[in-house]
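Geometric and topological summary
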Amino acid sequence: MTLADIDWPLILAGLGLFLFGIEYMGEGLKNFSGDKLKDIIDKYTSSPIKGILIGALVTCLIQSSSGTTALTIGLIRSGLMTLTQGVGIIMGANIGTTITAFLIGLDIAEYSVYFISAGACLLLFFSSKKMKYLGQILFGFGCLFYGLELMGDNLKIISQVEEFQAATVYLAQNPLLGLVGGIVLTMIIQSSSAVIAIVQQMYGVGAITLGIALPFTFGSNIGTTITAILASFGGSVPSKRAAAFHTLFNVLGTVFFMLLLIPFQSMIEYINGLLNLTPEMELALAHGIFNVSTTILLFPFIGKMVTLVKKIIPSNAQEYEMDLSELDPHVVQIFPSHALEIAKTKTVEMGKVTKDCVLSTKKYFVAKSNNDRSYALEMENAINLLDDRITHYLVLISSETLNDSDALTYLSNMKAIKDLERIGDLSMNILKYFEAVFDERDDFSPEAREDVIRMLDMVLVMLEKTMIAFENSDSKVRDEVDELENELDYLTKKAKQRHIQRVITKVEKSPLVNSTYVDIISNLERMGDHCQNIAEYYSSTDEIVHHPEIQAQ
């Protein structure tokens, strides 16, 4: 038997089908559950233990520890989750990812075609979104196991190849090479579940021994951290620390078990002798024990690990982290006036996030960096979440008896939230225009860039002053915002005139810039209008009640 006798295209097809199945099933599970996964992660992570449970649950649902970790880092990047909250979810994700190995250990590949058929029927013959998402789950589940079956049938042949047998003997004597192999393969495939599935199949057909399979499994846990590292690029310091914690956690767990590799292997073999497990289930059990034990062992040292990570990745900049648990419904019933102050504080924080969103949009325009673009999108998601949470909290407050002063505070706060949310939307409009131009490898003329940057800078200054005026009811700062808004209107008018002149004289050569430039500066001018709205000092509630955005609620 030689390497030429192996059907490599079929093995690659099986791997591709397996990876597609995991991804497609995970997307179906996420769609089926709606937008609740992010809310679950955000709401129920007040302690590391809860975070571990939620991390394990969400990873079981979406079948991707990398997805859960990336989602967590996204929340940390946007300031909606603290590093301490996030580390629990990251630890739990390692436990949740073992479910795939246990599913593979059940050996239900012979039923895979039925899952594929059932999923296809739901996708093709039902119009309900829920039924289509269910079809997506079943179809992906079937593809996952059918891909494994294709790989398994051909991996049996590999075990009979002399070169491969020699390689396995060498690896058995050098478990560190197996560890490195697991790390590298997982970094390439971007899925620890896929690597472990391959190892399970090879171990199941007798191609490798348990002494080789275990280091490969340990290495996959380190390799999967690359997703978290990539997700943190260009993000805030806390998000980089979260990625570093994920790496540190998995490295420490791997080092511990590599030092105890021989006794751990003996323990797994002893358990297998008692339970008479299939080889695939035996390795799934080992993977599960490894991840659960690592979590239990390192849990008491979370604080020290966080401290170490903070020393490794220091921060010279001022950081802010929002605690949405402060929007406590119980406070509303006991002390509505204090609840209004809490809501106002969160609205001020929302203003900071909005400013960050606009600033990242400007940075993307200047440097064309995808990191700045991604961060702006995350900030806009944070704005939308804050809008939803603070609005819900204010609605609870409105059901209580409020005096005239509190009613004015309530209405001004509600209006400010909607104006900030609109500024976030307008920032996204501008970002999309920039992206469209840059994707076509076009650019703005130097004069056009200068006008846009000048107006963006003015909006950023207005936002800063706006939130000061809102927070302190400062009429002097409000007047400064009014003056800036008038100046922005004048700049908008002049920028449009200059743009028309550039189009006529063919200075502005890009057709895409010609068609979007006026929309860009118009969006900037509208952002100024919303800043002015927030900064207004309301002498009576009548001004707010008749505001169209409040009436539309």
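On a predicted model such as this, the values are computed, not experimentally measured, just so you know.

1. As for the overall build of the protein
Counting secondary structure elements, the protein contains 26 helices and zero strands. Across the 553 residues of the protein, 51% fall into the buried class. When contacts within the protein are restricted to residue pairs at least 6 apart in sequence, those whose partners lie at least 24 apart make up 81%. Accessible area of the protein: about 25,000 Å², with a carbon and sulfur share of 60%.

2. Side note on the environment of Phe-470
Along the chain, Phe-470 turns up in helix α22 (residues 446-472). Distance in space between the C-alpha atoms of Phe-470 and Cys-531 is 10.0 Å, their sequence separation being 61 residues. Residues within four places of Phe-470 in sequence aside, it is in contact with Lys-344, Thr-347, Val-348, Ser-412, Asn-413, Ala-416 and Ile-534.

3. Here we look at the packing of helix α5 (residues 83-96) against helix α16 (residues 279-298)
Two quantities define a packed helix pair, namely the angle between the helix axes and the distance between the axes. Direction vectors running N to C along α5 and α16 enclose 155 degrees, while the axes themselves pass 8 Å from each other. Overall, the two elements α5 and α16 adopt an arrangement that is roughly antiparallel. In this structure, the crossing between α5 and α16 has a hand that is left-handed. Listed contacts from α16 to Met-91, Asn-94 and Ile-95 of α5 are Asn-291, Val-292, Thr-295 and Leu-298. Split by residue class, the contact of α5 with α16 holds four nonpolar, three polar and no charged.

4. Topic: the pattern of salt bridges
Counting across every chain of the model gives 14 salt bridges. Taking the shortest distance from any N to any O, the salt bridge between Arg-449 and Asp-443 comes out at 2.9 Å. With relative accessibility at 30%, the residue Asp-443 sits in the partly exposed group. For Glu-447, the salt bridge goes to Arg-502, with nearest N and O atoms at 2.7 Å. Highlighted residues: Glu-447 in helix α22 and Arg-502 in helix α23 (residues 475-504), separated in sequence by 55 residues. Residue classification places Arg-502 among the buried residues on the basis of a relative accessible area of 2%. Each of Lys-368, Asp-443 and Arg-449 takes part in a single network of salt bridges with overlapping partners.

5. Quick notes on unusual backbone geometry
One non-glycine residue, Asn-276, adopts positive backbone phi at about 55 degrees. One non-glycine residue, Lys-368, adopts positive backbone phi at about 60 degrees. Within the secondary structure, Lys-368 is located in the loop between α19 (336-367) and α20 (370-398). On the accessibility criterion, Lys-368 (38% relative accessible area) is partly exposed.

6. Observations regarding the confidence of the model for the protein
When the pLDDT values of the protein are averaged, the result is 81; 81% of them are 70 or greater. A low-confidence stretch, residues 538-553 stays under pLDDT 50, and its non-local contacts, those more than four residues away or across chains, total 28 contacts.

7. Quick word on the packing of aromatic side chains
Applying the stated rule across the entire model yields 17 aromatic pairs. Between the aromatic rings of Phe-257 and Phe-290, the centroid separation amounts to 5.0 Å while the plane-to-plane angle is 75 degrees, which identifies the pairing as edge-to-face. Taken together, the residues span a long stretch of sequence, with Phe-257 in helix α14 (residues 237-259) and Phe-290 in helix α16 at a distance of 33 residues. What makes Phe-290 buried here is its relative accessible area of 2%. Arranged with centres 5.3 Å apart and planes meeting at 70 degrees, the rings of Phe-365 and Phe-444 form a pair that is edge-to-face. Of this pair, Phe-365 sits in helix α19 while Phe-444 is found in the loop between α21 (404-439) and α22, placing the two residues 79 residues apart along the sequence. Here Phe-444 falls in the buried class, since its relative accessible area comes to 5%. A cation over a ring is seen here: Lys-344 above Phe-470, with NZ or CZ 5.5 Å from the ring centre. Here the basic side chain of Arg-449 rests over the ring of Phe-365, its NZ or CZ set 4.4 Å away from the ring centre.

Thresholds applied
- Residues numbered from 1 in each chain as written.
- Predicted model: local features only at pLDDT ≥ 70, side-chain atom pairs only at ≥ 80, totals over all residues.
- Heavy atoms only, no water.
- Helix = DSSP H or I, 4+ residues; strand = E, 2+ residues; numbered from the N terminus.
- Buried < 20%, exposed > 50% of the residue type's maximum accessible area, 1.4 Å probe, protein only.
- Contact = heavy atoms within 4.5 Å.
- Areas by Shrake-Rupley, 256 points an atom, 1.4 Å probe, with all protein chains shown as cover.
- Axes fitted to C-alpha atoms, helices over the stretch in contact; angles between N-to-C directions.
- Parallel < 35°, antiparallel > 145°, perpendicular 65-115°, else oblique.
- Left-handed = near helix turned anticlockwise from the far one by under 90°.
- Nonpolar A, V, L, I, M, F, W, Y, C, P; charged D, E, K, R; others polar.
- Salt bridge = Lys/Arg side-chain N within 4 Å of Asp/Glu carboxyl O.
- pLDDT = per-residue confidence, 0-100.
- Phe/Tyr/Trp six-rings, centres within 6.5 Å; stacked < 30°, edge-to-face > 60°.
- Lys NZ or Arg CZ within 6 Å of the ring centre and 35° of its normal.

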